Structures are given as structure tokens and as C-alpha cells.
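Summary of the model geometry
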Amino acid sequence: MTGRELEWSRGDRAKAAAKVMVGWVALLWLLEVVDVASGHALDGLGITPRTPSELVDVVPAAFIHFGFAHVAANTVPLLVMGFLAALGGLRRFAAVCALIIVADGLGVWLLAPAHTNTAGASGLIFGLFGYLLVTGFVERRPLGVLVGLLVGAVWGTSILVGLAPTQSGVSWQGHLLGLVAGVATAFLFRRRSPEPT
């Protein structure tokens, strides 16, 4: 592969990753517009713990938010961390996100306090943070290590605050479970051999 071909392939990956994440975030905003217009009918897609019928909401809950401020708070970190994770390949990214969303949702269903309703992309965001933080170390890739350190420097404090069980109305369980799931995916989906240079 020539340098020009490699450059194009990297550019194509970046464009594809950007399109996916812009589309993802746009979907979240559109869903919140629908939710508000319908009198918050979509809020019922959040997860109420240990209710068998709520298991069908494990995945949809990651796309539903409780107001525009909630979506806005998740937009930038999801956009940036999702883009960085998607640069590794869209199929791998889809698998990583699917595992984080399902593991986090099931964990919330099992462990969240009774009579709560949990929704939002923050569990996925915490998962992507954990994934990006350790992937470079797991795969022994200097660029990945650098990305992990930068992500940790930018969002590390916010992540620690989000894990504190003292915040009212915040699912620290969902945040913690997402983080653990993200770290686990870094090991599960690690590349076994270096990429060609």
C-alpha cells in the first residue's frame, strides 16, 4: 500500500467515524424533540430495575434522555469519544458500543435502586472513556496510549465526579457499570497483531 493510499484510507475512516457520530448525536436530539412533543412519552423507555418487562428497555434506554439539558450534557463527550473509538473501525466500534450498552443496561436493571427510572447515553460515555483509556496499553500501541492519556486528562475529573454516589438524580451505578464494561471491551476486542505501517 502506498503512502497516498494509506492516507486516503485514514481519511476515509475519519470521515466515516465523523458521519456516524454526527448521525448518532442528531438521533438523540431528534428523539428528545419527539419526547417533549409527546408529553415525555419516551421517558417510559428508561430502565426500572428488577421488573421483568423492563428488560426490553435495556438498549432503548441508552438513546432516551430526560430533557434537553440532559442531551446537551452528553453531546460533546459522546461525539468526541465516539469518534475516537470509531477510528478503529466501524464494525469493531459497533461491537464495542453494543456490549457496553447491553452490559450497562443489564447491570442497571439488576443493581439500581428500586422505583428509579434510568436512561441516557452517559453509561455508554463512561464505557467509551474506559475503553479509550486502556486500549492503547492493552494493545501496546503508542498512539492509543497517547489518546487514552489525553482522554483521561480532559474528562478524568468529570468521570470521577460522575462515579460519586452523593449526586441526586444521577445513576452512579450506571456510570460505574459502563466504565467497567468499557474496560472489559478493551481486553475482549484487543487486536492481536500490530497494524501494518
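Up top is the structure.
What comes next is a walk through the structure. Keep in mind the model is a prediction, meaning the values are calculated, not measured.

1. Notes on helix H5 (residues 142-162)
Given a rise of 1.5 Å per residue, 21 residues ought to cover 30 Å, and the 28 Å separating the end C-alpha atoms of H5 matches this to within 8%. When the local axis directions of H5 are compared, the greatest deviation, roughly 60°, occurs at tryptophan 155. Every buried residue of H5 is listed here: Val145, Gly148, Val151, Trp155, Gly156, Ile159 and Gly162. Close packing links the buried residues of H5 with helix H2 (68-86), helix H4 (122-139) and helix H6 (172-188).

2. Some thoughts on the packing of aromatic side chains
Enumeration according to the criterion identifies 3 aromatic pairs in this entry. Here the aromatic rings of tryptophan 29 and phenylalanine 68 are separated by 5.9 Å at their centres, their planes lie at 15°, and the arrangement is stacked. Of this pair, tryptophan 29 sits in helix H1 (residues 3-37) while phenylalanine 68 sits in helix H2; the two residues are 39 residues apart in sequence, bridging distant segments of the chain. Classification of tryptophan 29 as partly exposed rests on a relative accessible area of 30%. Members of the aromatic cluster, each reached through a chain of ring pairs, are Trp24, Phe63 and Phe93.

3. Structural notes on the pattern of salt bridges
Considering all chains together, one arrives at 2 salt bridges under this definition. Notably, a salt bridge pairs glutamate 139 with arginine 92, separated by 2.3 Å at the nearest N-O pair. Highlighted residues: glutamate 139 in helix H4 and arginine 92 in helix H3 (residues 90-111), separated in sequence by 47 residues. This pair shows no difference in class: glutamate 139 is buried, exactly as arginine 92 is. In this structure, glutamate 139 and arginine 141 form a salt bridge, with 2.9 Å as the shortest nitrogen-oxygen distance. By the burial criterion, glutamate 139 is buried, and arginine 141 matches it. Taken together, the shared-partner salt bridges in this structure form one network comprising Arg92, Glu139 and Arg141.

Criteria and thresholds
- Residues numbered from 1 in each chain as written.
- Predicted model: local features only at pLDDT ≥ 70, side-chain atom pairs only at ≥ 80, totals over all residues.
- Heavy atoms only, no water.
- Helix = DSSP H or I, 4+ residues; strand = E, 2+ residues; numbered from the N terminus.
- Expected span 1.5 Å × (residues − 1).
- Bend = angle between axes of the 7 residues up to and from the residue.
- Buried < 20%, exposed > 50% of the residue type's maximum accessible area, 1.4 Å probe, protein only.
- Contact = heavy atoms within 4.5 Å.
- Phe/Tyr/Trp six-rings, centres within 6.5 Å; stacked < 30°, edge-to-face > 60°.
- Salt bridge = Lys/Arg side-chain N within 4 Å of Asp/Glu carboxyl O.

Geometry only, nothing functional implied.
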